[in-house]
Amino acid sequence: MNTPDTAPHLASRGGLPRALRKASTRGAVLGAGVLLLRALAAAGVFAAATALPAGALAAAPSAAGVDLVVDGAGWTLDPEAVRAALGRELGGPVTVVDAAAAARPTLVLRGEADGRVTLTYSAGDGRHIGRTIDVPEDPDRAAEAIALLAGNLVRDEAAELAAALGKRPSEEPAAAPPTPPAAPAAGNVSPPSRPARPAPERPPCALPGAETVLLGGDVVPLVGSSTVTGTDVVRRYSLNFVGGYTAGVTGVELGAGVNILSSFLCGVQFSTAANIVLGPARGAQITGGLNLATSLRGAQVGSFNLATGPVTGVQAGVLSVALGAVDGAQLGVANAAVGESTDVQVGLANLAVSPSTDVQVGLANVAVGESTDVQIGLADVAAGKTSDLQISLANLAAGESTGVQIGILNVSTGKVRGAQIGLVNYADDSPFSLGLLGIVRNGRLHIDAWGTESGLAMAGIKHGSEHFHNIYGIGVRLSGDRPLLAYSLGLGGRITLGKRTYLDVDVLGYSLHEPTALKPSAVLTQARALLGLRLIPEFAVFGGPSYNVAFGETPEDAGLSPYGSIPLRIDDSFTQRGWPGVVLGVQAL
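Residues numbered from 1 in each chain as written. Predicted model: local features only at pLDDT ≥ 70, side-chain atom pairs only at ≥ 80, totals over all residues. Heavy atoms only, no water.

Student: Run through the side chain of Thr342, naming residues and quoting values.
Tutor: Tracing the sequence through the fold places Thr342 in strand β17 (residues 341–346). One polar contact links Thr342 to Ser354, side chain to side chain, over a distance of 2.7 Å. What Thr342 contacts, discounting residues up to four positions off in sequence, is Val326, Ala337, Ala352, Ser354, Ser356, Thr357 and Asp358. (Helix = DSSP H or I, 4+ residues; strand = E, 2+ residues; numbered from the N terminus. Polar contact = N/O pair within 3.5 Å; in protein donor to acceptor, adjacent residues only side chain to side chain. Contact = heavy atoms within 4.5 Å.)

Take a look at the structure:
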C-alpha cells in the first residue's frame, strides 16, 4: 500500500504559522474584508436587538462567560490573543479549557491543514453551529477575524460572514449532523445540493510559506547560509561541510559529514556520514553511514537504511529497515520490514512482519504475517496463516496451510496442500510427504506382516498421508542353508479402488545380516504391486507380484531365489541377480 508523501508543517520565522501564510495581495483583500465584517456585525447586533423578541438572543453566552477549546493542528496562533479578541467581541469572560463541558457555551477552534480555521459553537441549549474560513496571515488580524466569526455564530449570523470571508467547503462538517428533514410534498422537490470539493493536495516537492533559493550551504548546522536566510528555506543545490540543516532540497545536496532536512527531499543526497530527512524522500540517499526518511520513493544506499514509513523502491546496505509497506526490494546483509506488505528481501538474514510477504532469499528467513509466498535459504520460518513455497535445509511453517516444502528437514504444523520433499518430513496433514522419515499426525498408520517367495518373513509399520507412505520392517529369512536377519525400509503410494479395496505400489530395500556377528550378507531391492481387501475396517489381506534384485559378494550370497534367477552382473567381487516373485500379507489398523 503506497502512502502519498506530504511535507509536514513547520513554524515559520518570526512566530508566524507557515501553514497560514498567504500571498501579500490576498492579505490586503482580507484586511478590507475584516473592516467590512465589523460593520456587518454591528448592523446584525442592532437588527437582532430591535427586530427579534426578547427570547431570541437566549442562545448568546450569559454573564458567566463562554469556554474556548483550542484543538491542536498544523498551525500556530497565540491562544491568549484569540481569547482576548473573543472576550472583546462577545462582551464577557472567555476561558481557555482543555475539553468542552456539558451545558456550557463552548467555542471549539481547530486549524485545518491548508491554512484555514474551523470554529464551532455549542450553546447551552444543545444547538451546534460551525463554519470554516480563511484568515489573514497577520496574527492580530487573524484573531480579530476569528472573534468576528464567533460573534456571528453566537448570534446565528454566520451566512453573511462566511460569504464575506470567502468560505470554502471543508472536508468534514464542523457542526453536528442535523435531523433529516421530512419528505417534501409532491411537485416541490428541491434539487440535490452540490457535493463539497475536496481540499487541494499539497505539492509533494514544495513547502508553502518557505523561501526557495538556488544555492545554499552550511559549515555546521545553522552556521552558513542558514544563519542569514534561516532554516525555513528550500534549496535547489545544497553544499555542506561538517553538517547542514535546511527545510528541503529539490535538486542535489552534497555533504562531507551530515545532511539534515526538516521537511522533504526531492532529488539526491550524498554524504559520508549520514543523510537525515525528517519527512518524505523522493529520489536517492547515498552515504557510507545512515540514511533516514519518514517515507521513501526511490533508493537508499548506505550502511544503515531506515524508513519509518512506506518504501517504494530499493534499500541497499548492511542493515535496511522499513517500518511501512515495501513495494520494491531490500538488499543487504540484514533486512527487516514491518508494514502492510513486503515484496522482495535478499540478504543473509531477512525478517518480514507483514500481512503479506512475497519473496525472501537469504541464509535465514523469517516471515510473520497472514501469507508468505517464497522463502529460499538455509533456514526458513513462516509463522503466518499460509505459506506457499519454502526451499532450504530446514523449513518450518507454523500456519494453517503450506504449499510446498523442499529441504532436509520439513515441518508443517498445519495442512500441506502440495508436497513435502526431504529426508525428514512432519505435517499435521499432507497428501504427499516424500522422505526417508515422514510423519503425518492425522495420516494413515498400519501394522503389516508379509512374506515373500525367497523365504523372508517380515513385520513392520506403514504410515503416511492418504496417498503416500513410508515402510519400516524387521524380520528373518528362514530358507537357505542358514537363517539371516532382515531389515527393510521403503516408500510407496496408495490408490483407493473402492470402499474395501486398494492398490499399494511400493519400493523396498532389504539388508540381510548374519545373526551372530550382524555381518552384512546381501542386499535385496524389491518393487511390488499389492492388491488389498479390507475384511473389516481394521483388518485387510493383501498380495501381488514383485520383482527382486539381489546384490552379494558371491553368487551364493546373491542366490536368494528358490527357483533360480537371472544373472545381471557377475565378477570376482560382485554379483547381481534378478527374478520375479510374489508377496502375501495381512494388515491391521
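Student: Could you give an account of the side chain of Thr372, with specific residues and numbers?
Tutor: With respect to the secondary-structure elements, Thr372 resides in strand β20 (residues 371–382). Leaving out residues up to four positions away in the same chain, Thr372 has contacts with Thr357, Ala367, Ala382, Thr386, Ser387 and Asp388.

Student: Could you give an account of the packing of aromatic side chains, with specific residues and numbers?
Tutor: Following the criterion strictly, the structure yields 1 aromatic pair and no others. Pairing Phe432 with Phe468 gives two aromatic rings, centres 4.2 Å apart and planes at 90°, and the pair type is edge-to-face. Here the residue Phe432 occupies a position in the loop between β25 (424–429) and β26 (433–434), and Phe468 occupies one in strand β30 (residues 468–477), the gap between them amounting to 36 residues. In this structure Phe468 comes out as partly exposed when scored by relative accessible area, which is 30%. The lysine or arginine in question, Lys462, covers the ring of Phe542, its NZ or CZ lying 5.7 Å from the ring centre. (Phe/Tyr/Trp six-rings, centres within 6.5 Å; stacked < 30°, edge-to-face > 60°. Buried < 20%, exposed > 50% of the residue type's maximum accessible area, 1.4 Å probe, protein only. Lys NZ or Arg CZ within 6 Å of the ring centre and 35° of its normal.)

Student: Please give an account of the nonpolar core that cites residues and values.
Tutor: One finds Val82, Leu86, Leu107, Leu119, Tyr121 and Ile146 to be the most contacted residues of the largest nonpolar core, which totals 25 residues. Mapped by element, the contributors of at least two residues to this core are β1 (66–71), α2 (79–90), β3 (106–111), β4 (116–122), β5 (128–134) and α3 (139–154). The element contributing the most residues to this core is α3, with 8 residues. Sequence-distant contacts of Leu86, that is, excluding residues within four places in its chain, are made with Leu68, Gly91, Val94, Leu107, Ile146, Ala147 and Ala150. Counting 20 residues, the second largest nonpolar core, distinct from the first, contains Trp450, Met458, Ala486 and Leu560. (Core = buried A, V, L, I, M, F, W, Y, C linked by side-chain atoms within 4.5 Å.)

Student: I'd like a rundown of the pattern of salt bridges, residues and numbers included.
Tutor: Counting across every chain of the model gives 12 salt bridges. Among the salt bridges present, the one from Asp504 reaches Lys462, with a minimum N-O distance of 2.8 Å. Of the two residues, Asp504 is situated in strand β32 (residues 501–513) and Lys462 in strand β29 (residues 456–464); the sequence distance between them amounts to 42 residues. For Asp504, a relative accessible area of 1% puts it in the buried group. The class for Lys462 is buried, based on a relative accessible area of 1%. For Arg482, the salt bridge is made with Asp557, and the minimal N-O distance between the two is 4.0 Å. Separated by 75 residues along the polypeptide, Arg482 in the loop between β30 and β31 (484–496) and Asp557 in helix α6 (residues 555–558) bring together distant segments of the chain. (Salt bridge = Lys/Arg side-chain N within 4 Å of Asp/Glu carboxyl O.)

Student: Describe α2, listing the residues and the values that go with them.
Tutor: With 12 residues, α2 extends 16 Å from end C-alpha to end C-alpha; this agrees with the ideal 16 Å at 1.5 Å per step. Buried residues of α2: Val82, Ala85, Leu86, Gly87, Glu89 and Leu90, and no others. Phi turns positive, to about 70°, at Gly91, one or two residues after α2. (Expected span 1.5 Å × (residues − 1).)

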